[in-house]
Amino acid sequence: MRITAFLDIPGQDNLTPLARLEKYAFSDNVYNRQIIARGLLDVFRDFSNNEEGFLTVMEIVVRLSEDAEPTVRTELMEQIPPIAIFLQESRPKFPTAFFEYLMPIVVRYLTDINNQVRKASQEALLILLEQDLVAQSDIENKVCPILLDLSAPDSDDEYKVEAVNIICKMASMLSRTTVEHMLLPRFCELCSDGKLFQVRKICAANFGDICNAVGQEATERLLIPKFFELCSDSVWGMRKACAECFMAVSYTTSPEVRRSKLSPLFISLISDTCRWVRQAAFQSLGPFISTFANPSSAGLYIREDGTLSIRPPAQDVNSNSCQPSNNITLMSSSANAALSSSEQPMEIKPESSTEETSAEVHTKLSEDLNKDLREESSDCCASPGEEVSHLCQGDTAAAGATEAAKESSFPGMSSRLPSAEDVFNTFLYWRPPLPDISQDLELLQFKAEKHNDACSVPCNNCVASSEIKKVLESLQEHIDDPDVQAQVQVLSAALRAAQFDSVGDCETKKMEESGDNLQNKMILDETAVADAACNQVQGDTLLSPASQDDISDQSATSVLKSTDSEEQHRGTSVFLRKEQESNPSFEDDKSKLQDIIPQPLLDQYLSMTDPARAQTVDTEIAKHCAYSLPGVALTLGRQNWHCLKDTYETLASDVQWKVRRTLAFSIHELAVILGDQLTAADLVPIFNGFLKDLDEVRIGVLKHLYDFLKLLHADKRREYLYQLQEFVVTDNSRNWRFRYELAEQLILILELYNPNDVYDYLRHIALTLCSDKVSEVRWISFKLVVAILQKFYANGANALGLNFINELVVRFRHCSKWVGRQAFAFICQAVVEEECMPVDQFVEHLLPSLLSLASDPVPNVRVLLAKALRQTLLEKAYFKSVGNPHLEAAEETILALQSDRDQDVSFFATIKLKQGNMDSITIEKQN
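All values derive from a computational prediction rather than experimental measurement.

Quick look at the overall build of the chain now. Scanning the chain from terminus to terminus reveals 49 helices and two strands. Per-residue burial for the chain yields a buried fraction of 54% across its 927 residues. Contacts spanning at least 24 positions in sequence make up 72% of the contacts within the chain whose residues lie at least 6 apart. When the accessible surface of the chain is split by element, carbon and sulfur atoms take 51% of a total near 41600 Å².

Quick look at the structure:
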């Protein structure tokens, strides 16, 4: 019944419907006006074909929009989107009517004094934009100016918050030009709004959508600096919102910006002093790492449905796609820096450090990245300006001195390696800004030349050890701070490494004669020790007691401290990696090195399985790690699977079943990424463990059982034949959906095995499922039986097929329960419909048993027999041929069923339904 049906009641007055509408629309009773506003859509339907009446209704709507009662205006605004959609479909002159009458109401209500009316107008505007009902001219000349006025600095706080919210939501619905020229400047201003943190929080929460709306160039030029400001905001809610949208921001940037700017920024968020920020950052860590992915480099491609697949040989495996398709969850980007390191031919001595051999690119990229890193540090850390400036200036001097030391240490390498001006070293990229230590470096070099015959390196290591001890002592009084605790752990490791290096080098000195190569290595080690010591002195300066008093003030200085903690770890890790080549104890750490993504990101991701993280960050951090592991594995590629292997095994044995369940649901995708060899070696044992786990974990394996088994070799796949029957047994017998899923997977798995294996193993499972207590499981199992029969005859195993048919006749046709005999009729109908076997075999072995069901005492059995004969058998060309001896028997049976005493049986035997497929059995399934 229509809301405004009372307008059509005759005899209540002498007014026409339009006059009656106007009477109630402007009645003194508020309820009457609300009813009219709520039923305007029905009114427009009534007068859509009457031009004069239509214009009158429009005028009434305009007058009604000026009603003094907010509830009436709210009701009216809620009806405008459906009215606009109706008018667009039914009115040829819709644009004129909408722009002249309805659009001005929407724009005016954006500044209404009532909060509910404004919210209704905002929702209506978003719906109209989504349906593309608003003209571009109205957007630029009416909507955007209103929103810019409401979000102005001198605007009311409540209006400003609502305006920035609607700006962020409508950005994805407008053209890129409109957003970039009209809304982007105001959005950048609102990101720096110092008056209302709610405004900044809305900007931070929707930052990824804005970046996606304006594109890469505007994002890197205008939005990335603002993103840095929000990530260092004093309110932790802003930093948390930035961490949550980090993947979307990274997706719209270039690989260079992603590596040089966003990666260090993310490290600062993941080491934030606020637990909620760290929690959000760890949840976004895996998705952020996935933005570095390039599936084509791993020999994979992404289908249109978003699933991974092995790239066909005809396609170019080495193609680099810079931007992935928008319809996938796992985003990819070209890792140009990593690829260039592998493409550049070089000869490296075995003594060269891992960092020097893993990633070297042209010097232009090196200069750009270091320049961006210094600018980023100065932008984010504006508070200690002079100190940062000094650090950045010292950075250049230290870099030149270090390169000079390297060149002097390897005089014979100049002909084989590019010069220092032509390469990019990951150590130079990741090390922190250093103070000017050129004089100290010259002094160290002078000492090295003066004491060539002495054990100079152990002495310098002792100096480094003493310096590290001093730093540790100064940090003890602030040991309660989480950042200080992280620094103490890093410095303790560096101290142990320095002491170990001192002893090891002394023993080497006694056993071997000192040569030029050894002296050169010593000088390099001295430089690394000096860098590590300077890093710790710098950290001691920044984390002095005076600075600790101000740490609660979440300013840019605190971001510098947290970032510096990670940078100290990077600087120290260079020293530690030199020890990996000579010390077996460091072999485990060495196996985690790669050059696809920044190493600190991978280190933080691998630490998510640490039990301490669950206590200090998030109790479900292991689940987030497991959820994003396929994306991280795709990013690193199968060549770097050794970095994730231990983490995957740790997650697979986690005590929380939710973590194991997450891995079980994605193990088939990980198998595609790793390939058959790594899958057989590393994933199959874990897969076997999941098969014996809880039902909540086993269902993840079962849902993609076919996808996983098809990736294995035939001999390995055959080992699972006996284990498949274990799925029939569940922890809870009421969990029938588990058995239903098993039957569906077995239908797909049939193609992976030969007929003999199917007969020996899968046939028993199918027959067991056909006797299930739940009807849904039985019906899907009947389809499995038909698929098995088709498998036998399609592969020429007629003897196996005949044996299986005889077993079906005994088990179902002569079953004491009527459901078994009904199932036999259904199986015969499906066999004919799918043409699973030759017709002559069917009429010889199955048709006589099928026709004998005409005398079954249960009507439900005869109903399905009638449907099988009428809808399937008699429609086949074989039974329509004249002179067919079996046609007569089938027609006699159908005539007998037509005169059956049960009405349903006679109905289906007489009427030929249009829908003659297996899904038409729903009437019987209720029994």
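Moving on, there is more to tell.
For the rest of this paragraph, the subject is the packing of helix α42 (residues 818-834) against helix α45 (residues 859-871). For any two helices packed against each other, the geometry comes down to the angle between their axes and how far apart the axes lie. Viewed as axis vectors pointing N to C, α42 and α45 meet at an angle of 5°, and their least axial separation amounts to 9 Å. Looking at the two axes, α42 sits roughly parallel to α45. Residues W818, R821, Q822, A825, F826 and Q829 of α42 lie in contact with α45, whose contacting residues are N860, V861, L864, L865, K867, A868 and Q871. Among the residues making up the contact of α42 with α45, the classes are represented as seven nonpolar, four polar and two charged.

F44, F207, F227, Y605, F842 and L850 are the most contacted members of the largest nonpolar core, which has 218 residues in total. At 15 residues, helix α34 (residues 657-691) tops the list of elements feeding residues into this core. Apart from residues no more than four positions distant in its own chain, F842 is found in contact with C828, V831, V832, M837, L847, L850 and L873.

For the rest of this paragraph, the subject is unusual backbone geometry. The backbone of D132 shows a phi angle near 60°, a positive value even though the residue is not glycine. With respect to the helices and strands, D132 occurs in the loop between α7 (115-130) and α8 (136-150). Take D132: its relative accessible area is 62%, and that puts it in the exposed class. One non-glycine residue, E835, lies in the positive phi region at around 55°. Structurally, E835 is set in the loop between α42 and α43 (839-845).

Before going further, it helps to spend a moment on the packing of aromatic side chains. Scanning all chains against the criterion turns up 21 aromatic pairs. Measuring from centroid to centroid gives 5.6 Å for F288 and F292, while their planes differ by 75°, and the two rings are edge-to-face. For F288, a relative accessible area of 0% corresponds to the buried category. Ring centres of F782 and F812 lie 6.1 Å apart, and the angle between their planes is 90°; on these two criteria the pair is classed as edge-to-face. Here the residue F782 occupies a position in helix α40 (residues 775-794), and F812 occupies one in helix α41 (residues 798-813), the gap between them amounting to 30 residues. By the burial criterion, F782 is buried, and F812 matches it. Grouping aromatic residues by their ring pairs yields a cluster made of F187, F207, F227, F246, F266, F288 and F292. The positively charged end of R63 is found above the aromatic ring belonging to F26, 3.9 Å away from the centroid.

Along the chain, V632 falls in helix α32 (residues 621-636). Overall, the relative accessible area of 0% leaves V632 in the buried class. When the C-alpha atoms of V632 and L644 are compared, they prove to be 8.6 Å apart, with 12 residues separating the residues in sequence. Sequence-distant contacts of V632, that is, excluding residues within four places in its chain, are made with G286, I289, Y605 and L644.

Okay, the packing of helix α5 (residues 70-90) against α7 next. Closest axis-to-axis distance for the α5/α7 pair is 9 Å, and the angle between their directions is 5°. In this view, α5 runs roughly parallel relative to α7, as classed from their interaxial angle. Of α7, the residues touching α5 (which contributes P70, R73, T74, M77, E78, P81 and A84) are Q116, V117, A120, S121, A124, I127 and L128. Taken together, the residues that form the contact of α5 with α7 break down as nine nonpolar, three polar and two charged.

With respect to the element layout, D856 can be found in the loop between α44 (847-851) and α45. Looking at D856, the relative accessible area reads 7%, which means it is buried.

It is worth spelling out the state of the cysteines at this point. Applying the stated criterion across every chain, the model contains zero disulfides. Sulfur of C231: no disulfide; nearest cysteine sulfur belongs to C242 and is 3.9 Å away.

Here V107 shows up in helix α6 (residues 94-109). By relative accessible area, V107 is classed as buried at 12%. Residues V107 and L147 lie 40 residues apart in sequence; the distance between their C-alpha atoms is 9.6 Å. What V107 contacts, discounting residues up to four positions off in sequence, is K142, V143 and I146.

Here the focus is the pattern of salt bridges. Enumeration over the complete set of coordinates arrives at 27 salt bridges. Between R186 and E189 there is a salt bridge, and its shortest N-O distance comes to 3.2 Å. Placement of the pair is R186 and E189 together in helix α10 (residues 176-191), with a separation of three residues, close to one helical turn. A salt bridge links D695 to R698, with the shortest nitrogen-to-oxygen separation between them at 3.0 Å. Here the residue D695 and the residue R698 both occupy positions in helix α35 (residues 695-703), the gap between them amounting to three residues, near one helical turn. Neither residue differs from the other here; D695 and R698 are each classed as buried. Within this structure, R118, E158 and E162 form a network of salt bridges that share partners.

Let us look at the environment of L593. Relative to the elements of secondary structure, L593 occurs in the loop between α29 (587-590) and α30 (599-606). Classification of L593 by relative accessible area gives buried; the value is 15%. Along the chain, L593 and C643 lie 50 residues apart, while their C-alpha atoms are 7.0 Å from each other.

Within an α-helix, residues lying three or four positions from one another point in the same direction, as the helix has 3.6 residues per turn. Along its length, helix α16 (residues 255-270) shows its largest kink, about 40°, at L262, and proline P264 lies within four residues downstream of that point. With 15 of 16 residues buried, α16 is to be regarded as a mostly interior element.

The next point concerns the confidence of the model for the chain. Scored by pLDDT, the chain comes out at a mean of 75, with 65% of its residues at no less than 70. Throughout residues 313-432 the model reports pLDDT below 50, and contacts reaching past four residues in sequence, or to other chains, amount to 205 contacts. A low-confidence stretch, residues 503-582 stays under pLDDT 50, and its non-local contacts, those more than four residues away or across chains, total 159 contacts.

Thresholds, definitions, all that
Residues numbered from 1 in each chain as written. Predicted model: local features only at pLDDT ≥ 70, side-chain atom pairs only at ≥ 80, totals over all residues. Heavy atoms only, no water. Helix = DSSP H or I, 4+ residues; strand = E, 2+ residues; numbered from the N terminus. Buried < 20%, exposed > 50% of the residue type's maximum accessible area, 1.4 Å probe, protein only. Contact = heavy atoms within 4.5 Å. Areas by Shrake-Rupley, 256 points an atom, 1.4 Å probe, with all protein chains shown as cover. Axes fitted to C-alpha atoms, helices over the stretch in contact; angles between N-to-C directions. Parallel < 35°, antiparallel > 145°, perpendicular 65-115°, else oblique. Nonpolar A, V, L, I, M, F, W, Y, C, P; charged D, E, K, R; others polar. Core = buried A, V, L, I, M, F, W, Y, C linked by side-chain atoms within 4.5 Å. Phe/Tyr/Trp six-rings, centres within 6.5 Å; stacked < 30°, edge-to-face > 60°. Lys NZ or Arg CZ within 6 Å of the ring centre and 35° of its normal. Disulfide = S-S within 2.5 Å. Salt bridge = Lys/Arg side-chain N within 4 Å of Asp/Glu carboxyl O. Bend = angle between axes of the 7 residues up to and from the residue. pLDDT = per-residue confidence, 0-100.

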